[in-house]
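# Survey of secondary and tertiary structure
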Amino acid sequence: MKISVIGTGYVGLVTGSIFAHLGHDVICMDIDEEKVKKLKSGDPVIYEPGLEDLLKEGIEKDKLHFTTDIKEAVEKSDFIFICVGTPPKKSWETDLSYVKKVAEDIGKHINGYKIVVTKSTVPVGTGNMVKEIIRSYNKNNHPFDIVSNPEFLREGSAVEDTLHPDRIVVGSDNKEAAQKVADLYRGIDAPVLIVKLYSSELIKYASNSFLATKISFINSIADICERTGADVEEVAKGMGMDKRIGYHFLKAGLGYGGSCFPKDVDSILYTSMQLNEPFIILEATRKVNENRPVRFVERMEKMMGELRDKKIAIWGLAFKPNTDDMREAVSIKIIKLLKEKGSNVIAYDPVAMNNAKNVYLKDVDIEYVNSPMEAVKDVDALVLVTEWDEFKRIDMKEVIELMKGKFLFDGRNLYNPEEMEKIGFSYVSIGR
Ligand code: NAD
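The structure reproduced in this document is the subject of the present report.

The rules behind the values
Residues numbered from 1 in each chain as written. Predicted model: local features only at pLDDT ≥ 70, side-chain atom pairs only at ≥ 80, totals over all residues. Heavy atoms only, no water. Helix = DSSP H or I, 4+ residues; strand = E, 2+ residues; numbered from the N terminus. Rg over C-alpha atoms; globule rule 2.2 N^0.38 Å. Contact = heavy atoms within 4.5 Å. Areas by Shrake-Rupley, 256 points an atom, 1.4 Å probe, with all protein chains shown as cover. Lys, Arg positive; Asp, Glu negative; His and termini not counted. Charge placed at Lys NZ, Arg CZ, Asp CG, Glu CD. Salt bridge = Lys/Arg side-chain N within 4 Å of Asp/Glu carboxyl O. Buried < 20%, exposed > 50% of the residue type's maximum accessible area, 1.4 Å probe, protein only. Near = heavy atom within 4 Å. Polar contact = N/O pair within 3.5 Å; in protein donor to acceptor, adjacent residues only side chain to side chain. Nonpolar A, V, L, I, M, F, W, Y, C, P; charged D, E, K, R; others polar. Core = buried A, V, L, I, M, F, W, Y, C linked by side-chain atoms within 4.5 Å. Expected span 1.5 Å × (residues − 1). Patch = residues over 30% accessible without salt bridge, like charges linked within 9 Å, V, L, I, M, F, W, Y side chains within 5 Å. Arc of directions from axis to C-beta. Axes fitted to C-alpha atoms, helices over the stretch in contact; angles between N-to-C directions. Parallel < 35°, antiparallel > 145°, perpendicular 65-115°, else oblique. Left-handed = near helix turned anticlockwise from the far one by under 90°.

Helix and strand counts for the protein stand at 18 helices and 14 strands. The C-alpha radius of gyration of the protein comes to 23 Å, within 12% of the 22 Å expected for a compact globule of 432 residues. Viewed in the frame of its principal axes, the protein has a C-alpha envelope of about 75 × 50 × 40 Å. Within the protein, contacts between residues separated by at least 24 positions form 72% of all contacts whose residues are at least 6 apart in sequence. Total accessible area on the protein is roughly 20100 Å²; 50% of this is exposed by carbon and sulfur atoms. Computed over 60 positive and 68 negative side-chain charges, the inter-centroid distance for the protein is 2 Å.

Set out below in structure tokens:
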């Protein structure tokens, strides 16, 4: 099939590469000329395990092409996947301007029957909005259908998730069009759920906000553990053994971040407010999450005393391991809080330092170093923010030797408390 993918970020690039891998002819289009140039040369631009190989395979087999020309992308394809960003506005509303622009361009260049698929995460009702926009620019009344096909991949394992998803959700008011989109995934072994357009749009938000709630729930349990002497890891294990609950997303820590959970929670809260149906559980989920970094830094202060002029090493900047994505990373909030209190911050992350330096922490005075051991030299405290595998393998006895102080704040419960105390750390973790 001839597919175009509009927007080649984490979702678009992985989607396009996988469709090419499945044998389709794919054109990936983006407005970012620099990015398209790099993609053409086989550079995936983002860090995502397995993506570079897929990209090169697609290019070599002549199945994967890149362009900045939307006209070409629309005209040469039967399926058009919209994969542009849907960032949050300050008001929690979703910014749909990128989606609207693509819809407009599709309407202008449509030259025959197309199936337009929204893969971007969009509020319920957006599919119909896209339909209206395309219709208003579609001078020759070319036929088209709208399908929603939300994406559930996780950054850091995006390729793996797309090749082995738990489910493929396809929503449309035209069952035939929905089936055609489902057929594009032939070769991927996963259940396909075909539903109404609105249901499909809502499944994505319902799933992400439920997972976010699980995280805030276990974090609230962690707070009770800290007061009582219970161990949240044990509590989570005991809960997870119940099949109705499951182990996933019961990891206490510094809260959720990233480009999806925070904005998707806000977006559905905004929708619920518009509908005058307050989503009280989710309001609490959000509030608990907002407070995680604040509570953590307060604990640091309680242990170490005034943080002014303290030298603090941060291990991990990315919002989670195996990605260079810094969007809504908890590290940003923690570092800003520490800087407000006058601390000196030395940071290390295996892949996210460029993003931090150039974009997300651009105006913050941080010393970046090239190894975790370099980061801990003469520091008063070490704070583990992102649980990269690399940090699990480090000999912590060597770490304490290099440090001036002995404080280890483990925001992800990566280390064993008894072992850390034996080594000599004043060890603080979450909910235990
Ligand atoms: P991203 O910011 O990484 O990529 C978006 C891309 O769209 C950018 O390369 C940008 O240049 C391009 N773009 C913007 N306007 C364009 C236009 N008019 N024409 C062509 N390209 C244009 O975003 P992402 O993380 O890939 O997310 C895309 C969507 O998928 C969002 O709605 C997001 O919520 C959703 N989603 C993301 C993830 C994730 O883990 N990142 C997972 C599931 C769903």
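Counted according to the given criterion, the structure contains 27 salt bridges. Its salt-bridge partner being Asp 223, residue Arg 295 comes within 3.1 Å of it at the nearest N-O pair. Highlighted residues: Arg 295 in helix H12 (residues 280-304) and Asp 223 in helix H9 (residues 197-228), separated in sequence by 72 residues. The residue Asp 266 makes a salt bridge to Arg 286 at a minimum N-O spacing of 2.6 Å. Remark: Arg 286 occurs in helix H12 and Asp 266 occurs in helix H11 (residues 261-274); sequence separation between them is 20 residues. For the residue pair Asp 266 and Arg 286, the accessibility class agrees, reading buried in each case. Bridged by salt links that share partners, the residues Asp 223, Glu 226, Arg 292, Arg 295 and Arg 299 form one connected network.

In the vicinity of the ligand lie 27 residues, with Asp 30, Lys 35, Thr 86, Glu 155 and Lys 263 positioned nearest. Thr 86 is positioned such that a nitrogen or oxygen atom in its side chain is 2.5 Å from an oxygen atom of the ligand. In this structure, Thr 121 approaches the ligand through a main-chain N or O atom, which is 2.9 Å from an oxygen atom. For the ligand, whose free accessible area comes to 840 Å², the fraction covered by protein is 90%. Those elements that place two or more of their residues in the shell around the ligand are helix H1 (10-21) and helix H5 (97-109). Among the residues making up the shell around the ligand, the classes are represented as eleven nonpolar, eight polar and eight charged.

Once that is clear, we can look at the nonpolar core. Counting 66 residues, the largest nonpolar core has Ile 314, Trp 315, Leu 317, Met 396 and Tyr 415 as the members making the most contacts within it. Sorting elements by how many residues they give to this core places helix H13 (residues 330-340) first, with six residues. When neighbours within four sequence positions are excluded, Met 396 is seen to be in contact with Trp 315, Leu 382, Leu 408, Tyr 415, Met 420, Ile 423 and Phe 425.

It helps to recall that an α-helix has 3.6 residues per turn; residues three or four apart then point in one direction. For H5, spanning 13 residues, the distance from its first C-alpha to its last is 19 Å, which sits close to the expected 18 Å at 1.5 Å a residue. Among all positions in H5, only Val 99, Val 102, Ala 103, Asp 105, Ile 106, Gly 107 and His 109 are buried.

With that settled, the discussion passes to a nonpolar patch on the surface. A cluster of nonpolar side chains, contributed by Val 124, Tyr 198 and Leu 202, occupies part of the molecular surface with about 240 Å² of accessible area. Tracing the backbone through its elements, the reader meets Leu 202 in helix H9.

This next bit is on helix H10 (residues 232-240). Listing the buried residues of H10 in full gives Val 232, Ala 236, Met 239 and Gly 240. Buried residues along H10 cover an arc of 95° about the axis, so they all sit on one side. Along H10, exposed side chains directed more than 90 degrees from the buried face belong to Glu 234 and Lys 237. On its buried side, H10 packs onto H9. Capping of H10 at its N-terminal end is provided by Asp 231; its side-chain oxygen lies 2.8 Å from the backbone amide nitrogen of Glu 233.

Moving on, we come to the packing of H9 against H10. H10 packs onto H9 with a crossing angle of 135° between their chain directions and a minimal axis gap of 9 Å. Overall, the two elements H9 and H10 adopt an arrangement that is oblique. When you trace H9 past H10, the crossing you get is right-handed. Only Val 232, Val 235, Ala 236 and Met 239 of H10 make contact with H9, whose side of the interface consists of Phe 217, Ile 218, Ile 221, Ala 222 and Cys 225. Here the contact of H9 with H10 is built from residues that sort into nine nonpolar, no polar and no charged.

Without other data, these values stay purely geometric and don't point to any function.
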